Structure formats: C-alpha cells, structure tokens
Amino acid sequence: MSPVSRSTKLSSPALPSFDDASAQVAACAAKVARIRPGIERVRLNQALGRVLAEPLRADADQPPFARSTRDGFACRAAEISAHRPLPVVGSTRAGQSPSGSLPRGSAWEIMTGAPVPFGTDAVVMLEHIEELGSLSARAILLEPSRNILKGENIVARGAQARKGDRLLPAGTQITAAQIALAASCGSTKLDVFLKPRVAILSTGNELVSIRSSPGPSQIRNSSSAMLAAMVSAAGGDPWILPIARDTAQSLDAALARAAAADLLLITGGVSAGKFDLVEPALIRAGARFHFTGVRIQPGKPLVFGEMPSRSIKAGPKLRRTKCCIFGLPGNPVSSAVTFLLFATPVVAALAGRRELDPRFALARLAEEAKTKAGLTRFLPAACTFAGPIPEVVLVPWQGSGDLAAMARANCFLVVPEDADRLCAGSTVRILLP
Ligand code: AMP
Ligand code: MG
C-alpha cells in the first residue's frame, strides 16, 4: 500500500485491473467484517433494510398443524382414486380446531388453511369432484380422468420448519418477505446491527446545493443525494457533508470532520487535473492508498484507501481506528458505477451483512455493442425481464456526466477488458443496482 505519484496516476498499464482492484476491496471488506457492529432493537415495521444481529428461529412448527392448501375434501388418496363415492362425514373451516380422525371410506369437507382430520393423506379440490346425494347425505366422486396422490394439497405439520430451526441467519438484510416470516414467529421486535455512518463529501467549485439556482457555470450537487440513497440501500446511514471547495483549506477542514465516520465517500477531485486536490489532502490527513486508479470505464480515477478514524464507539469490540475512504470520480455515472462495484461491499461489511459482493447477472444482448479494448467497461443499459431470458440493450449516452441516460437505465452492461465488441445474441454480464 503506497501513494502513487500523480504523474503516473492514470497511465493504464500501471493501474490494477478490475479483478485485482475488486480483490483488494474484498480483502479489506473481509477485515472490516470481523468487527461486530453494535446492536439495537427495532420494531418490525422499522426493520426493512436493517441487518439481523441474531438468527431468526421458529417459535413453533410451521405449519403448526397439517394444513389444507385448497378448498375441497380431505380423504385418503387410495380411496378417492378408486372412483367410488365417499360419504362426506364432516366439515372444517379455517380457524376451527382439528377434527379428530377421518373414518375409513369417507371424506371430510375442508377449507383452505384448515387443519385436516387425522388419518387424511390428501385433499381433493372442489373443482375436481362431482357432488352426489342430498344435503343431509352428501357424497363425492372423483372426476373419471383424475387420480389423487398421497400428500396432494396438504402441508404436513413442521414441513416448512421445526420449532427452534434457524429460519434466517444473522447478517441477513431484511426484506418484506422476511418481515412476514418474523411476524409469523411472533417477533414484534428484532435485534439489528447499528448502521455504519457513511460520510458523503462532494467537492468542486462548480457545485451548488440542490436548493440553489445554479449560476451560469454552476451545477447542482446531484451525486450526494444519489449516494445517500445508495448508502441507505446497502445498509448504511448516510451523512451528507457540506460541499467542499477545490482548495487545500476547504478540503482539510472537511476531511477533519469526516474522520468521525466509519466510511468516507468523496466525489470529484481525484482525476489528474490542476484542481484535483483530493489525494494530496487525503495524504495530509494521514491516508494510505490501496490503489489510485483502476482499469475501468467509467470510474478510472477511483481512489481507495484508509485514514485514521476519530470514531470510537461503546464496547471493547467496536473500536474502529481506521476509516475506509473512496475517492469517487465526480461524474455521476462514474460515482454510481464505482460505488456499486467497490463501495457496496465495504458498506455491507460495516453493516454486518453476510452478502458482500456486488450483484451481477447474465442476460442476452439484443443489439451489438461496440467499444474499445483496454478497460473493463460498465455501460448504462436497459434490461427487460418479460421474455424467457433477460434481454439487455445499451442506453445511448453522452458520457459519464449523462444523468438522464443513467436514469433511463436499470443496469450496466459489463464489457470485458479484452473485448472491443459484443455480438448481438451473445450472453453477457450485467451489473445490477
Ligand atoms: P471531477 O472528478 O471533479 O473532475 O468532476 C468531473 C465532472 O463531474 C465535472 O463535470 C463535475 O462538474 C461533475 N461533478 C463533480 N461532482 C459532482 C456532483 N457532486 N454532482 C454532480 N456532478 C458532479
Ligand atoms: Mg472537480
């Protein structure tokens, strides 16, 4: 880990490849993940996106009784499949107590979600029988073309989970389905990890706050809002700092404040231009760099390192002495891509998540994509999921400042470093947000 001279900074051969840079970030994320974050208890309705600190265990067998999944008739598969009428000897609706044993050679009317009588091994759907007899002497006959198998339309007690089973491991970032699962176990509150504090510092003399009307040569700071959303989605607590100017003094003051964070995201000021002053400021703040550029596009000037942290939390295990830093290139598409590829794993590790990797998927390329070899590229693309396999196409764009194009995209097409074109119809990788 050593500072790289600014003159060689963006000469491609000196830079790590995408895979090398990813491996370095993954190694740091793995170290970060060894420190267990603090814990707080939240109500279930506040748990979405939080990270479980303790496994979720089943408080009872699931389902708690052998349950019908259909409206129909509980019976024995062999008896109903003999295509002889079976008298209907009782009825149970959802919420009613289990009804004892089913006498041999009979059927029992049952509703979805109701406990089936003991001795039953199948439920035949209402739609698949003919009703015979009168209201006082009901009987059913299976449709001639059908055959019922043992177990059909019944979920056995404990088939989904046994009491005490681990349903979700610690480190799970909680989704709506998992909230339902916790609710089914009677968990009104969950223990979750404290969110890591992620400072977001946008730099640039041209930037104004989103509340301002930009002057003729100014633009609004759109990246801080975007990164805050991305940090939240990854499980972190975004902390947007005031915009820093392209001066040593402004950057030094901002970095001194930001050192209280668990992770610092800086945007802009990391290219090779005269007023790209972020790296020298980081060095003055005591930073060491893992790399100061990657063979990717967009995002080539990405900086990754660590600086001494001021964040000291309660508890002996929670002391963090270093704050990871990413210097993200200023263009919004570059910031978004480099965040997804490299910062997400670190936020995830700080948040205590088990899954640390960026999310890639395979899709079929609908139209040829032409680029230049030499960098791994991540190009804004639109993927549709309507057909049998996902199909992706590039979104036309005006370069990495083109926020409108990125907002029309829903993924990034990955073009390997050695490729100068990808053929229509080929299977390609996409990076998912
Ligand atoms: P830089 O990396 O500082 O050279 O910035 C590259 C480009 O990104 C410039 O056109 C900047 O104006 C733009 N940019 C930098 N930071 C932001 C930001 N926070 N929001 C929107 N655009 C930005
Ligand atoms: Mg700048």
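In the block above lies the structure referred to throughout.
Model, not experiment: these values are computed from the prediction. (Residues numbered from 1 in each chain as written. Chains lettered and ligands numbered in written order. Predicted model: local features only at pLDDT ≥ 70, side-chain atom pairs only at ≥ 80, totals over all residues. Heavy atoms only, no water.)

Another point: the packing of aromatic side chains. Geometrically, a pair of aromatic rings is defined through the distance of the ring centres and the angle of the planes. Taken as a whole, this structure holds five aromatic pairs when the rule is applied. Where Phe18 meets Phe342, the ring centres are 5.9 Å apart and the plane angle is 70°; that geometry is what we call edge-to-face. Of this pair, Phe18 sits in helix H1 (residues 18-32) while Phe342 sits in helix H7 (residues 332-350), and the two are 324 residues apart along the sequence. For the residue pair Phe18 and Phe342, the accessibility class agrees, reading buried in each case. Relative to Phe304, the ring of Phe291 lies with its centre 5.6 Å away and its plane at 50°, an arrangement referred to as tilted. Of this pair, Phe291 sits in strand S18 (residues 288-291) while Phe304 sits in strand S20 (residues 303-308), placing them 13 residues apart in sequence. Looking at Phe304, the relative accessible area reads 0%, which means it is buried. Grouped by ring-pair contacts, the aromatic residues Phe18, Phe291, Phe304, Phe326, Phe342 and Phe378 constitute a single cluster. Over the ring of Trp239 we find Arg197, and its NZ or CZ is 3.8 Å from the ring centre. (Phe/Tyr/Trp six-rings, centres within 6.5 Å; stacked < 30°, edge-to-face > 60°. Helix = DSSP H or I, 4+ residues; strand = E, 2+ residues; numbered from the N terminus. Buried < 20%, exposed > 50% of the residue type's maximum accessible area, 1.4 Å probe, protein only. Lys NZ or Arg CZ within 6 Å of the ring centre and 35° of its normal.)

In the vicinity of ligand 1, 15 residues are found, and the nearest of them are Glu206, Asn221, Gly269, Gly330 and Asn331. In the model, a nitrogen atom of ligand 1 is placed 2.8 Å from a nitrogen or oxygen of the Asn221 side chain. Asn331 is positioned with one of its backbone polar atoms (N or O) 3.1 Å from an oxygen atom of ligand 1. Its free accessible area being 490 Å², ligand 1 has 78% of it covered by the protein chains. (Near = heavy atom within 4 Å. Polar contact = N/O pair within 3.5 Å; in protein donor to acceptor, adjacent residues only side chain to side chain. Areas by Shrake-Rupley, 256 points an atom, 1.4 Å probe, with all protein chains shown as cover.)

A separate point is the state of the cysteines. Summed over the entire model, instances satisfying the criterion amount to zero disulfides. Between Cys411, a cysteine without a disulfide, and Cys383, which holds the nearest cysteine sulfur, the sulfur-to-sulfur distance is 5.1 Å. Exposure remark for Cys411: the relative accessible area of 2% places this residue in the buried category. (Disulfide = S-S within 2.5 Å.)

Moving on, we get to the environment of Lys372. Structurally, Lys372 can be placed in the loop between strand S23 (369-370) and strand S24 (376-384). The exposure class of Lys372 is exposed, given its relative accessible area of 64%. Between the alpha carbons of Lys372 and Ala53 there is a distance of 46 Å; along the sequence they are 319 residues apart. Apart from the residues within four sequence positions on either side, Lys372 is in contact with Arg377, Ala419 and Asp420. (Contact = heavy atoms within 4.5 Å.)

On to the packing of H1 against H7. Closest axis-to-axis distance for the H1/H7 pair is 8 Å, and the angle between their directions is 10°. Considered as vectors, H1 and H7 are oriented roughly parallel to each other. Every residue of H7 that contacts H1 at Phe18, Ala21, Ser22, Val25, Ala29 and Val32 is listed here: Leu341, Phe342, Pro345, Val346, Ala349 and Leu350. (Axes fitted to C-alpha atoms, helices over the stretch in contact; angles between N-to-C directions. Parallel < 35°, antiparallel > 145°, perpendicular 65-115°, else oblique.)

Orientation of helix H4 (residues 222-234) relative to H7, taken along the N-to-C sense of each, is 30°, at an axis distance of 10 Å. In terms of orientation, H4 and H7 fall into the roughly parallel class. Every pair of crossing elements has a handedness; the one defined by H4 and H7 is right-handed. On H7, the residues that touch Ser222, Ser223, Met226, Leu227, Met230, Val231 and Ala234 of H4 are Pro332, Ser335, Ala336, Phe339, Leu340, Thr344, Val347 and Ala348. Of the residues assigned to the contact of H4 with H7, the class counts are 11 nonpolar, four polar and no charged. (Left-handed = near helix turned anticlockwise from the far one by under 90°. Nonpolar A, V, L, I, M, F, W, Y, C, P; charged D, E, K, R; others polar.)

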